[in-house]
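One-letter residues, chain by chain:
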Amino acid sequence: MALVQSDENDFHALREAQRMVDSCQDFADHLIVAEFLPHCRGVAYINIRTLEQVIYCVQLSSAGYRIVSYNFDDVADEVANCDTVYESAHQLLAGISPLYGEKYGFGREPLRKRKE
């Protein structure tokens, strides 16, 4: 489920986040669009509890998926993985959940490091 858009104006983050949650529900212990963070056309947030029971809040934008916190419904500037951007939901899940990678065989490589 890569973020391939013909035009950045076509991207709707909340719709894409819900699509990711619906299609990847079986690949995590808990997966839901964040309820208490603000969403806009360009940015949405997803709460994930991996198969290993590790909690993440992930930001979804046209750039990809980026971990922003180790708590649900939270954005923490100091999170070490904030610079890592994953192109697809499957890359994200494989990068944060070894059990997902083992069980479903998806790669663990992020798309790129975010430019400062």
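Note that the coordinates shown come from a computational prediction; the quantities given were computed from them, not determined experimentally.

S.K.: Even after reading the chapter, I still don't get the overall build of the protein chain, so can you show me in this structure?
M.R.: Within the protein chain, the secondary structure is distributed over three helices and six strands. Per-residue burial for the protein chain yields a buried fraction of 43% across its 116 residues. Residue pairs at least 24 apart in sequence account for 42% of intrachain contacts in the protein chain once pairs closer than 6 positions are excluded. Working note: accessible area of the protein chain is about 6,300 Å², and carbon and sulfur atoms make up 48% of it.

S.K.: Can you help me understand the nonpolar core in this one?
M.R.: Soluble, globular proteins show a tendency: their nonpolar side chains are buried together. The biggest cluster of nonpolar side chains holds 28 residues, and the ones touching the most others in it are Met-20, Leu-31, Ile-46, Ile-48, Tyr-65 and Leu-92. Counting only elements with at least two residues in this core, the list comes to α1 (13-24), β1 (30-33), β2 (44-49), β3 (55-61), β4 (64-69) and α2 (89-96). Listed in part, the five residues of the second largest apolar core include Ala-34, Leu-37, Tyr-45 and Cys-57.

S.K.: What's the story with the pattern of salt bridges in this structure? I'm lost.
M.R.: Think of it this way: side chains of opposite charge can pair up when their charged atoms draw near. According to the stated counting rule, one finds two salt bridges in the structure shown. Among the salt bridges present, the one from Arg-19 reaches Glu-16, with a minimum N-O distance of 2.9 Å. Here Arg-19 pairs with Glu-16, and both are found in helix α1, just three residues apart, close to one helical turn. Two residues, Asp-29 and Arg-49, come together in a salt bridge whose shortest N-O distance is 2.6 Å.

S.K.: Please explain the packing of aromatic side chains as it appears in this structure.
M.R.: As enumerated under the stated definition, the model contains four aromatic pairs in all. On the basis of an interplanar angle of 70 degrees and a centroid distance of 5.5 Å, the ring pair of Phe-27 and Tyr-100 is categorised as edge-to-face. Here Phe-27 is found in the loop between α1 and β1, whereas its partner Tyr-100 is found in helix α3 (residues 98-104), with 73 residues between them in sequence. Taking the relative accessible area as the measure of exposure, Tyr-100 reaches 0% and is therefore buried. The class of Phe-27 is buried, set by a relative accessible area of 17%. Taken together through their ring pairs, the aromatic side chains of Phe-27, Tyr-100 and Tyr-104 make up a single cluster.

Rules and cut-offs
Residues numbered from 1 in each chain as written. Predicted model: local features only at pLDDT ≥ 70, side-chain atom pairs only at ≥ 80, totals over all residues. Heavy atoms only, no water. Helix = DSSP H or I, 4+ residues; strand = E, 2+ residues; numbered from the N terminus. Buried < 20%, exposed > 50% of the residue type's maximum accessible area, 1.4 Å probe, protein only. Contact = heavy atoms within 4.5 Å. Areas by Shrake-Rupley, 256 points an atom, 1.4 Å probe, with all protein chains shown as cover. Core = buried A, V, L, I, M, F, W, Y, C linked by side-chain atoms within 4.5 Å. Salt bridge = Lys/Arg side-chain N within 4 Å of Asp/Glu carboxyl O. Phe/Tyr/Trp six-rings, centres within 6.5 Å; stacked < 30°, edge-to-face > 60°.

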